[in-house]
Structure formats: structure tokens, C-alpha cells
Amino acid sequence: MRRTSVVLAVAVAVGIGQAALAADTPTVPTVPETPAEAADTPAEPVVEQAAIDALKAMGTYLRTLKAFEVTSDFTLEETLDDGQKIMNAGSAAYLARLPDRLAVALYTDTSERQFFYDGKTLTMYGPKIGYYGSVPAPATIAETLEMAYERYGIEVPLADLFLWGTDEDGTADLTSAFFVGVSQIGDVACDHYAFRQEGADWQLWMEPDDTPLPCKIVITATDDETLPQYVSRLTWTLDPPIDEAAFVFTPPEGAQQIPLKEVPPDGDAAGGDQDG
């Protein structure tokens, strides 16, 4: 997935957009039979075409949706300086009308962010700190999310929901892809797949048959020696009732507008609040 958002989700889901908004403000691989065999015989990467086809079919289906609401209940690992891991919890709600309307509300143990895209303007608002920033936006959700990342370092978790099924689906970057089996996620028997690419191992559970919606995602950041994990459980509502006002940001009383801080050409945006 491009850089990819599944990789970056692990790093940004808790502190998403901190710097930008705070600018200037306060076939399953063979399992060895014995430990010795495991040590002596590294597993060969497996790229099953059926797994790639399933990922593409899911993306094709997602691109047929005209409007949807999806909630993500997630956990995110943080590694302390002494190596102990802490699991943080959060939730995100996405309301989308394709191709050019999106509202996102993101909550974690330490941060709260809201995003509004009305086809012309992207606004990010931090309710706890009372600041917001708005910038002109491209004509589609996918282009807007890409612009937000490239220019402002803002990465919306699960942005791949708007890239799967396009030329930017990132399937060419996969070094491993295989079907794991069938797994029960809630009331649904989902098809379970595992994928690998530079920087991340990730797993995807999707509904079978004619509605291959993703229902669970697990990402392990392999470019971090502590291997932190991001786990997201997705709940979908298709063709929800939509009020156009949901995509338009109306500043609450007392909210202050600030400029979003652009990412330096050769690096990442720095600084930012820790509790907004």
C-alpha cells in the first residue's frame, strides 16, 4: 500500500496530526516439524495468486460503494524505554460519500482528532485543545488523504480503504501473500489472509462471497525492533442516511484557527501537543 498506510497506522494512530495542528501553538508456508529444523531451514516467501486476487476483489468491491459508515475499535502497542509494552485503546468512526465527502472522528487514550472534507476543503480539529486548521483540498478522498500526508504529515489510519481497488493498491510491493484459513469474527466466518511487505507484516480478515468487506486488520511494524502491533476490528453500515452538514466543519464557540504546519521537504514535521 503506497508507503503504506498500514505500516504508518502503527506509528500514527495515537498521535495523528500532532505536529501539523500544533504548529506555533501551546499456500500456508510449511511449519518445521522440530525446533532444529526451524533453525536450520528458513521459510521461503510465498506469494499465492489467490491471495492477491482476493485482495484485489475486495478493493474492487469497495470501489462500488457509494456511501458507507465504518467504525474501527483498535488497540495499539507502545514500547516503554525499558522494553515493556503498553497496550493503548482507541476508536475511529468514518463517514464517507464517494468520491468527495469524508468525516472522521478519532479517539485514543491520549488524543482526539476530527477531520472534515467537503470536496473543496480539508479541516483538522483538536477538540481538547480548541484549535483547527483548514487547507484547500483536491477533488477526491484518495487524493486529499495523499495530499494531507505528503504536505502536512497527516496520516489518517486505514486510508487504504480508499486506495484498495485503484492503481495505488500497493499489491506490487507484497513479498508474501497467502491464505491462512477461515476464522470466526463475531457472527461472520471470515477468510483470513497474511501479507508481508517492507516494514510490515499484516493480516486481513474479510467477509466471504459477494460482499468481501474487511472485518479485521492486524499490523506488525517490522521496521521497529520491538515489533509493535496495531489491531483493528471493523463494523460496517452500507448506504447510511447522510446529512451534508456532517462533512462541513463549523467552528465551535471559542475555537481558534491556526495554519497547518507543512512537512519540511527532507523530513517530518516536528513537535506537537501530547494531549490534544
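Everything here concerns the structure above.
Residues numbered from 1 in each chain as written. Predicted model: local features only at pLDDT ≥ 70, side-chain atom pairs only at ≥ 80, totals over all residues. Heavy atoms only, no water.

**Q** Looking at this structure, how should I read helix α5 (residues 141–152)?
**A** Given 3.6 residues per turn, any residue in an α-helix points the same way as the ones three and four places further on. In this model, α5 (12 residues) spans 16 Å end to end at C-alpha, consistent with the 16 Å of a helix rising 1.5 Å per residue. Within α5 the residues assigned to the buried category are Ile-141, Thr-144, Leu-145, Met-147, Ala-148 and Tyr-152. Mapping the buried residues of α5 onto a view down its axis gives an arc of 160°, with all of them on the same face. In the stretch just after α5, Gly-153 is the one whose phi turns positive, near 70°. (Helix = DSSP H or I, 4+ residues; strand = E, 2+ residues; numbered from the N terminus. Expected span 1.5 Å × (residues − 1). Buried < 20%, exposed > 50% of the residue type's maximum accessible area, 1.4 Å probe, protein only. Arc of directions from axis to C-beta.)

**Q** Hey, could you run me through the nonpolar core in this one?
**A** One broad trend across soluble globular proteins is that nonpolar side chains are buried collectively. Phe-195 and Trp-236 are the most contacted members of the largest nonpolar core, which has 51 residues in total. Counting residues per element, this core draws most heavily on helix α4 (residues 49–62), which supplies 7 residues. Aside from chain neighbours lying at most four places away, what touches Trp-236 is Leu-62, Leu-65, Phe-68, Glu-69, Val-70, Leu-161, Leu-213 and Pro-214. (Core = buried A, V, L, I, M, F, W, Y, C linked by side-chain atoms within 4.5 Å. Contact = heavy atoms within 4.5 Å.)

**Q** So what exactly am I meant to see when it comes to a negative patch on the surface here?
**A** A contiguous patch of negative charge on the surface is contributed by Asp-173, Glu-198, Asp-223, Asp-224 and Glu-225. Residue Asp-224 is classed as partly exposed on the basis of its relative accessible area, which comes to 31%. (Patch = residues over 30% accessible without salt bridge, like charges linked within 9 Å, V, L, I, M, F, W, Y side chains within 5 Å. Areas by Shrake-Rupley, 256 points an atom, 1.4 Å probe, with all protein chains shown as cover. Salt bridge = Lys/Arg side-chain N within 4 Å of Asp/Glu carboxyl O. Lys, Arg positive; Asp, Glu negative; His and termini not counted. Charge placed at Lys NZ, Arg CZ, Asp CG, Glu CD.)

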